[in-house]
Structures are given as structure tokens and as C-alpha cells.
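Chain by chain, the residues run as shown.
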Amino acid sequence: MKIILLNDKQRKAIINMVKPSAKDHFSYQNLNLLTAVYDEEKKVCLTVTRFMSSAITRMDSHFDEYSYALLTPLGCFSLSCTESAGKYSNIFSPLPLFISGKRIAEMIAFYNNSFSERRALEKEAVKDIDTGNSGFTEWYLENRRD
């Protein structure tokens, strides 16, 4: 597995699935349209689309909730999971005959443990883009051409 930059085709597939609005910050505040973890064996990418901390939900669940986009040769799929103390659970593969929930859990752990690598790649990727005071995702949503 490795961290990669997403291309426009992949970004559009994620946007079509998530349906964020440039006018609604909450619809994309955790959406990553720049980097993803790539599994060379399965030819799939995974990136985060939503995060909700248990501190925000105040449900006494002690679990953080994540949603991810899984880009496969068969399409873009949404999946979710919960995390507590570095353990990911409630992961169900949208394509269990193609990629197992266990492999997706490994991708999620790799993605979340590669923060520094993702951040360095993101900085390099946007160095020539004037996003103003916006992050890349907000800038991309406002300036994309469909």
C-alpha cells in the first residue's frame, strides 16, 4: 500500500457519490479530494469523506465515526466504520467477493497512520495552486469544471 494523489476522474467519482456543496462547509469539511491510500494488488483507492468525533455526538458511545470513499475498478462506493483507541470496527465491504472487510480495515489503518506522509504530499501538490484562504477541497469544489 502507498499514499497517492487523486486525479480529476477519481475526484469527480467521489463528488458524485458524496454530493458536497461548495456553499455548505459541513458537507465537505473532512472530505479529502487530494490524497488516498492505494492498494496495488486490488487496484483500489480509499480516502476519507466524513469524520464525526464521539466528543461532538455526545452519545456516550466512545467511538469516532468515519466514512470513506472506496474507488474500485467497478465504481466508487461509500463505507463507514467506528474507531476507538486505534481499533476499527463495523467495517463491511461493499464488494466482499472483490475486497474483504479485513483488507479495507488494513487500508483504513494505513491511511490514518500515514498522516505525515499525506500532509507532505499534499503540500507538494498544492504549492503552485493559489487556494487563497481555502483548503484544497473547498478551492476544488468552487473552481471545478464538470
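Residues numbered from 1 in each chain as written. Predicted model: local features only at pLDDT ≥ 70, side-chain atom pairs only at ≥ 80, totals over all residues. Heavy atoms only, no water.

Trainee: Please clarify how the confidence of the model for the protein chain should be interpreted in this entry.
Mentor: Detailed reading of the predicted coordinates is not advisable wherever pLDDT falls low. Residues of the protein chain with pLDDT of at least 70 account for 88%, and the chain-wide mean is 84. The least confident element of the protein chain, judged by mean pLDDT, is helix α2 (residues 54–57) at 51; the most confident is strand β2 (residues 35–39) at 96. (pLDDT = per-residue confidence, 0-100. Helix = DSSP H or I, 4+ residues; strand = E, 2+ residues; numbered from the N terminus.)

Trainee: In this structure, what is going on with the packing of helix α1 (residues 8–18) against helix α5 (residues 136–143)? I would like to understand it.
Mentor: Two quantities define a packed helix pair, namely the angle between the axes and the distance from one axis to the other. Orientation of α1 relative to α5, taken along the N-to-C sense of each, is 85°, at an axis distance of 12 Å. By the angle between their directions, the pair α1 and α5 is classed as roughly perpendicular. Between α1 and α5, the contacting residues are Asp8, Arg11, Lys12 and Ile15 on the first element and Phe136, Tyr140 and Leu141 on the second. Classifying every residue of the contact of α1 with α5 gives four nonpolar, no polar and three charged. (Axes fitted to C-alpha atoms, helices over the stretch in contact; angles between N-to-C directions. Parallel < 35°, antiparallel > 145°, perpendicular 65-115°, else oblique. Contact = heavy atoms within 4.5 Å. Nonpolar A, V, L, I, M, F, W, Y, C, P; charged D, E, K, R; others polar.)

Trainee: Honestly, unusual backbone geometry in this entry has me stumped. Any pointers?
Mentor: Backbone geometry follows two general trends: most residues other than glycine have a negative phi, and most peptide bonds adopt the trans configuration. A positive phi is found at Lys19, a non-glycine position, where the angle reads about 60°. Looking at the element boundaries, Lys19 is found in the loop between α1 and β2. Overall, Lys19 belongs to the exposed group, its relative accessible area being 61%. Of note, Lys43 is a non-glycine position whose phi angle comes to about 60°, a positive value. Its place among the elements puts Lys43 in the loop between β2 and β3 (44–52). (Buried < 20%, exposed > 50% of the residue type's maximum accessible area, 1.4 Å probe, protein only.)

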